[in-house]
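Next come the chains, spelled out residue by residue.
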Number of protein chains: 2
Amino acid sequence: MTLIVSLFLALQAPVALPAPHDAAAQDWRAIPDDEVMIMRLPGDRTVVVRLAAALAPAHVANIRRLIAAGWWNGETVYRVQENWVAQWGDATEKRALPSGVAASVAPEFEIARFAPAQRLMRADTHSAASGITADGWPVASDRQGHAWLTHCYGTVGVARDEPPTSGSGAELFTPIGQSARRLDRNYAVVGRVIEGMQYLSALPRGPAPMGVIADPGARTPILAVTLASDLPADMRPRFQYRAADNVRFAALIHHRENPPAPTIGSGGADVCEIPLEVRRTP
Amino acid sequence: MTLIVSLFLALQAPVALPAPHDAAAQDWRAIPDDEVMIMRLPGDRTVVVRLAAALAPAHVANIRRLIAAGWWNGETVYRVQENWVAQWGDATEKRALPSGVAASVAPEFEIARFAPAQRLMRADTHSAASGITADGWPVASDRQGHAWLTHCYGTVGVARDEPPTSGSGAELFTPIGQSARRLDRNYAVVGRVIEGMQYLSALPRGPAPMGVIADPGARTPILAVTLASDLPADMRPRFQYRAADNVRFAALIHHRENPPAPTIGSGGADVCEIPLEVRRTP
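These numbers come from a predicted model, not from an experiment.

A. Geometry of the overall build of chain A. Counting secondary structure elements, chain A contains four helices and 16 strands. Counting only C-alpha atoms and orienting by the principal axes, one finds that chain A spans roughly 75 × 50 × 35 Å. Taking all 282 residues of chain A together, the buried fraction comes to 50%. Once local pairs closer than 6 in sequence are excluded, the contacts in chain A between residues at least 24 apart make up 74%.

The following block contains the structure:
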């Protein structure tokens, strides 16, 4: 009798069919090791950034040179502004850059083309169109054909002085609150945090209005920043992103834009709220 | 000579003219004391919430009864999910509600009318129109005439079980990351944090996926929640909001949608990135 009941239950048990918006095995693609920037903070806290090598090549090249020169080792996260950004690098902003590192890089506020694999179907925010590129980056464009990486929570951008050309990549920031469209085409997007975001977002806020932490001892030290490709092969953390060049990702966007009942929804989704999944390579 | 130079400098000194988007004195209006919810955490951390008494009246009435019964005193902030929400109340979700408090309140996912003082001019996110009400709340509407308070960073919403009618206000949450449109018309918005947001947003994250902190000792205790109107008159913190029923607020939205050069901007702004200023009454 027990056997029969068990068999009955087994037959009745719901089979976990994948939803139309679940990733298939082939949707997971490797992130190259030289696009994986690893920032170690004290207390076993590691922040991992995926660099946008194809979409901000000049800045990423400079950032790789900064990493090779050990630029961030011993520097700090020195600015944590509530509902704005966490920022790291040289708090004095006066230290000489290592030789071979460009002091300024031509702005990469825009990208060459707008060919997202998956567009948001609804009129999304602030732009003519937005969507997710095949390799998993959020982009937007205007009616004049300009296209750009959008700033979202966890995006990594290049801090700079007043002149738009004054950014080198030596000072980086990530939004830790409401994403703000006025950052778009104003600061170069060079990556996004793919692991350990909570070690930046949950830092105690610096004093208003700018969140700069005046006391060096109160800043969060950066032990070291490395590229995964600089580590011995067997020590590299390896990551995969979920590619957007498939019907399952299109279904994911549709699902976010039209959540299932009883949720009414708002008839759309922000480009920044489409989940851009990354996982450790199984 | 020194006098002449000083005079010259005084004449040359830029006069700090207000910008067209700066608030005028008459734009600052009092928030009624019975709409000011004060949550005290240990270590002199105080979180202040403005209650949306006019737009979610049934829930706010219930919340006032919960405050009067001391519901949150001794409870905790027991859920802190990275890039999602901080949530507080009874972690067991089993404690009996005080007498006189409704166990569930008819959903107030929408508001009766959409009459914002200032609309966002561009096609903004996810909806036919969005804007800021005269008294400083972000709202959106669809093409069918439905209107609702939008969830933004710092908005206070009512947690609930599966049935949409199952929320009482006893469990509250606030988004601490990217605002998500699928919360809209799904959870009742009852207020927004106007002071001390950093004491919720910078809390250590609970474990994934839900951020619920299993160890009661690791949760953040709530010492007491009170209404300002329950305090002696001379002990009440008093707040003013910036009203949106004026050309200066319209100029503010325009400024956010069209940032000054050299910023290119994206040609728009999200309803959640329009600053809704609140200040202590001078």
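B. Spatial organisation of the relation of the copies chain B and chain A. Once chain B is rotated about the relating axis by 180° and shifted along it by 0.0 Å, it coincides with chain A to within an RMSD of 0.0 Å. One copy is carried onto the other by what is essentially a two-fold rotation axis. Interface overlap between copies is the fraction of interface residues in one copy that are interface residues in the other; for chain B against chain A it reaches 100%, indicating a shared surface.

C. Just helix 2 (residues 57–68) of chain A, in detail. Residues and elements named next belong to chain A. In this model helix 2 runs 16 Å from its N-terminal to its C-terminal C-alpha over twelve residues, within 8% of the 16 Å that 1.5 Å per residue would give. Along helix 2, the positions that sit buried rather than exposed are His 59, Val 60, Asn 62, Ile 63, Arg 64, Leu 66 and Ile 67. Those residues of helix 2 hidden inside the fold are in contact with strand 2 (36–41), strand 3 (45–51), strand 10 (155–158), strand 12 (189–195) and strand 14 (224–227).

D. View of the pairing of strand 7 (residues 129–132) of chain A. Residue and element names in this part refer to chain A. Two elements, strand 6 (residues 118–119) and strand 7, share two bridges in a ladder whose sense is antiparallel. For Arg 119, the partnering residue across the bridge sits in strand 7 and is Gly 131. Alignment of strand 7 against strand 8 (residues 138–141), held across four bridges, turns out to be antiparallel. For Gly 131, the partnering residue across the bridge sits in strand 8 and is Val 139.

E. Focus on the sheet that holds strand 2 of chain A. Residue and element names in this part refer to chain A. The nine strands lie next to each other as 13-4-5-11-10-12-3-2-14, forming an open sheet whose pairing is antiparallel. The open sheet terminates on both sides in strands that have one partner only, identified here as strand 13 (220–221) and strand 14. The sheet contacts of helix 2 involve strand 2, strand 3, strand 10, strand 12 and strand 14, and relative to strand 14 the element is tilted by about 125°.

F. Looking closely at helix 4 (residues 247–257) of chain A. Where helix 4 of chain A is concerned, the buried positions are Arg 248, Phe 249, Leu 252, Ile 253, Arg 256 and Glu 257 of chain A. Buried residues along helix 4 of chain A sit in contact with strand 6 and strand 7 of chain A.

Conventions used here
- Residues numbered from 1 in each chain as written.
- Chains lettered and ligands numbered in written order.
- Predicted model: local features only at pLDDT ≥ 70, side-chain atom pairs only at ≥ 80, totals over all residues.
- Helix = DSSP H or I, 4+ residues; strand = E, 2+ residues; numbered from the N terminus.
- Buried ≥ 20, exposed ≤ 12 C-beta atoms within 10 Å, placed from the backbone.
- Contact = placed C-beta atoms within 7 Å.
- Least-squares fit on C-alpha atoms with pLDDT ≥ 70 in both.
- Expected span 1.5 Å × (residues − 1).
- Pairing = 2+ DSSP bridges.
- Axes fitted to C-alpha atoms, helices over the stretch in contact; angles between N-to-C directions.

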